[in-house]
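An overview of the molecular structure
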Amino acid sequence: MISIIRRNLVDLPTNFSLSYYWCSGFMISAFMIFQVVTGVILSFLYVADSSLSFQCVMNLTNDSFLTWCLRYWHIWGVTVLFVLFFIHMGRALYYSSYSKKGVWNVGFILYLLTMAEAFMGYILPWHQMSYWAATVLTSILQSLPFVGPTLYKYVVGGFSVTNDTLVRVFSAHVCLGFVIMGLMVLHLFYLHKTGSNNPLFSSHGYGDVVFFHSYFTVKDFFCLVLVTLVMVSFLLFNPDMVVDVEGYLEANPLATPVSIKPEWYFLVFYAMLRCIESKIGGLVIILALLFFLWVPTFNHSSSYFLGRQLVFWSFSCLFMCLTYLGGCHPEYPYLEVCKCFSFLMVALVFIFKLLWSGYLNNNVN
């Protein structure tokens, strides 16, 4: 055991050119551990019952400073986790780390499972926005051909989102956290097996490597402390900045909120989903984006191609714009702009991942 730890965390040969963007992987691991620890403690205090869940969560906030800290650390931890995820995946796309198929495939599965985990956690407080967000997003399953209605009843446990849904979501939320932890170890295994990418896109010989400790452990822990201090500052001075106003209203199936929207890290997909008149059409465009983001190709780092840099920063800007538009009221002109931006972003990801790969291969041949 000691030799495994030493081989993977102390004496691991690492390219010395790695920048602070490579610290995001370590911070994701650290914050995921924080989320699991706080989540396990909160699960001991939570009651999965539609008539008691909301009051139970409010009691966690009001009863003591310790439970208040646990709950808000868990809330803010998700926000920080997704910020780090976007930085981590953006860095992987920019430097073409997706060419390492094992690392990229497991990492992308981790991203999808983390989104599912965050969505299920958002349902558990059983407030107005969580209930209606669950109602809207699970209704997408009903639009699937052939298996849609049956799959919907199996997932929600009936004809609509009810107490049975809450119990199932709570069980899945707890179990999925440990599955994610296991896949993170597998992700780390593939990473250390193939070696990490670097800004220079060069890994020939051992003349440009150093030991992971203490050259990079100091850098990783410095970033972790810095990000934690920033998060704690927001948590103490403005804790409700990432909490919707509807989060203080108990779920009411008879009163629909004026504007239903999920958490900010889902807004880009929500904007793409609602800008298309057909639910199937919106689902198809989201799946197309995820497929083009996932498909591993063999491209060189964007550092050496100005055109690839322009494409990368263009779809990064579109991603941020759609995140903002997803929080706007679904009306003109937001829906039309969302539709244009959605198709444009899918096209740019296709160019960046697939079309560019074919262009380079043809030039080499």
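Keep in mind it's a predicted model, so treat the numbers as computed, not measured.

1. Examining helix α11 (residues 267-274)
- The buried fraction of α11 amounts to 8 of the 8 residues, a majority that puts the element mostly inside the structure.
- For α11, the set of buried residues is Leu 267, Val 268, Phe 269, Tyr 270, Ala 271, Met 272, Leu 273 and Arg 274.

2. Some thoughts on the nonpolar core
- The biggest cluster of nonpolar side chains holds 96 residues, and the ones touching the most others in it are Leu 93, Phe 269, Met 272, Leu 289, Phe 315, Leu 322 and Met 345.
- Ranked by residue count, the leading element in this core is helix α4 (residues 65-94), at 14 residues.
- The two domains that each donate at least three residues to this core are domain 1 (1-200 + 207-256) and domain 2 (261-364).
- Not counting residues within four places of it along the chain, the set of residues in contact with Phe 315 comprises Leu 93, Met 345, Leu 348, Val 349 and Phe 352.

3. Topic: the domain arrangement of the protein chain
- Assigned domains within the protein chain: domain 1 (1-200 + 207-256) and domain 2 (261-364).
- The straight-line distance from the C-alpha centre of domain 1 to that of domain 2 is 22 Å.
- With 34 residues of domain 1 at the interface, the matching set in domain 2 holds 32 residues.
- Joining domain 1 to domain 2, the criterion identifies 0 salt bridges.
- Grouping the constituent residues of the side of domain 1 that touches domain 2 by class yields 25 nonpolar, 7 polar and 2 charged.

4. Observations regarding the environment of Asp 208
- One can find Asp 208 in the loop between α8 (163-194) and β2 (209-211).
- For Asp 208, a relative accessible area of 16% gives the class buried.
- Considering only alpha carbons, one finds Asp 208 and Ser 17, 191 residues apart in sequence, at a separation of 8.1 Å.

5. Considering the pattern of salt bridges
- Tallied over the full model, the rule gives 1 salt bridge.
- A salt bridge links Glu 277 to Lys 339; its shortest N-O distance comes to 3.2 Å. A residue pair is termed long-range when its members are at least 10 positions apart, and Glu 277 in the loop between α11 and α12 (279-294) and Lys 339 in helix α14 (residues 334-364) qualify at 62 residues.

6. So, unusual backbone geometry
- For the peptide bond that leads from Tyr 332 to Pro 333, omega is 0 degrees, which places it in the cis range.
- Note that Pro 333 resides in the loop between α13 (306-326) and α14.
- Positive phi, normally seen in glycine, also occurs at Ser 96, with a value near 55 degrees.
- Residue position: Ser 96 is located in the loop between α4 and α5 (101-123).
- Under the relative-accessibility criterion, Ser 96 is labelled buried at 0%.
- Its identity is not glycine, yet Trp 126 carries a phi of approximately 60 degrees, on the positive side.
- Mapped onto the secondary structure, Trp 126 falls in the loop between α5 and α6 (128-138).

Criteria and thresholds
Residues numbered from 1 in each chain as written. Predicted model: local features only at pLDDT ≥ 70, side-chain atom pairs only at ≥ 80, totals over all residues. Heavy atoms only, no water. Buried < 20%, exposed > 50% of the residue type's maximum accessible area, 1.4 Å probe, protein only. Helix = DSSP H or I, 4+ residues; strand = E, 2+ residues; numbered from the N terminus. Core = buried A, V, L, I, M, F, W, Y, C linked by side-chain atoms within 4.5 Å. Domains from an automatic or database assignment. Contact = heavy atoms within 4.5 Å. Salt bridge = Lys/Arg side-chain N within 4 Å of Asp/Glu carboxyl O. Nonpolar A, V, L, I, M, F, W, Y, C, P; charged D, E, K, R; others polar.

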